[in-house]
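# Secondary and tertiary structure notes
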Amino acid sequence: TFTVLATVAGSPFSMLYQAVSYTLVVRLRNAPNTRQRLRVLGRESVVVVIACLVAGAAVLWLMPLVLKWVLADRYEIGRSLLIAAICVGFLKVIASLAAAAVNALGSRADLVKMSYIGWLAIAVAVLGAAVGARWGLIGLVFGVGSGWLMRALAVAYIAAPRVFSEADVPVDAERVVAVASQRTN
């Protein structure tokens, strides 16, 4: 059941997460000042929220059809579980906004901190899943979501000073992004 839930309900949010990660970095780096960076983040945030709402609505509408027609009712996934998966999906995508800001504007030290935060988020997610499992699959999903929430908040804490700074983009951040884009090509 969890695999079907993750595949059908989680996929749209994973795609949005990756899209934000790839597209926002360049636009933030090219924004010459705080005002422009806030404008870029504001526009992207609106697009992300709208896309997440559309994706969530599509998952709520399509999942029952997929379960019935494609999977021949072999799995039972209730509306509450779908909503839990959609909420965690939102957290993933929102976290990608802050991560993109750190990737675009952060220093090498910021990127290292973000890596540590990722590992800590995994620990929080595992602990959250263990605690949440007492309430079944819905609790497990929300428990894993606690790791995404912690990551979103911690990375936003690192990103905020960089977004509001009038300083230029660090040279080492440019190098890291250039290397990352070469790996994806």
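Structure: see above.
Notes on the structure in this doc start here.

## Describing the side chain of threonine 34
- Structurally, the position occupied by threonine 34 is in helix H2 (residues 34-70).
- Side-chain polar atoms of threonine 34 contact the backbone oxygen of phenylalanine 164, separated by 3.2 Å.
- What threonine 34 contacts, discounting residues up to four positions off in sequence, is Val163, Phe164, Ser165 and Glu166.

## Concerning helix H5 (residues 136-163)
- Given a rise of 1.5 Å per residue, 28 residues ought to cover 40 Å, and the 40 Å separating the end C-alpha atoms of H5 matches this to within 8%.
- By the largest-angle criterion, tyrosine 157 marks the main kink of H5, which is about 30°, and a proline, proline 161, follows within four residues.

## A few points about the packing of aromatic side chains
- The final tally for this structure, using the stated rule, is two aromatic pairs.
- Ring centres of phenylalanine 13 and phenylalanine 90 lie 5.8 Å apart, and the angle between their planes is 40°; this geometry places the pair in the tilted category. Of this pair, phenylalanine 13 sits in helix H1 (residues 2-30) while phenylalanine 90 is found in helix H3 (residues 79-105), placing the two residues 77 residues apart along the sequence.
- Here phenylalanine 90 falls in the partly exposed class, since its relative accessible area comes to 22%.

## A few points about the packing of H3 against helix H4 (residues 108-132)
- For the pair H3 and H4, the least separation of the axes is 8 Å and the interaxial angle reads 150°. The angle between the axes of H3 and H4 places the two elements in the roughly antiparallel class. The handedness of the crossing between H3 and H4 comes out as left-handed. Contacts between H3 and H4 involve Ala99, Val102 and Asn103 from the first element and Asp110, Leu111 and Met114 from the second.
- Residue classes in the contact of H3 with H4 are distributed as four nonpolar, one polar and one charged.

Definitions and limits used
Residues numbered from 1 in each chain as written. Predicted model: local features only at pLDDT ≥ 70, side-chain atom pairs only at ≥ 80, totals over all residues. Heavy atoms only, no water. Helix = DSSP H or I, 4+ residues; strand = E, 2+ residues; numbered from the N terminus. Polar contact = N/O pair within 3.5 Å; in protein donor to acceptor, adjacent residues only side chain to side chain. Contact = heavy atoms within 4.5 Å. Expected span 1.5 Å × (residues − 1). Bend = angle between axes of the 7 residues up to and from the residue. Phe/Tyr/Trp six-rings, centres within 6.5 Å; stacked < 30°, edge-to-face > 60°. Buried < 20%, exposed > 50% of the residue type's maximum accessible area, 1.4 Å probe, protein only. Axes fitted to C-alpha atoms, helices over the stretch in contact; angles between N-to-C directions. Parallel < 35°, antiparallel > 145°, perpendicular 65-115°, else oblique. Left-handed = near helix turned anticlockwise from the far one by under 90°. Nonpolar A, V, L, I, M, F, W, Y, C, P; charged D, E, K, R; others polar.

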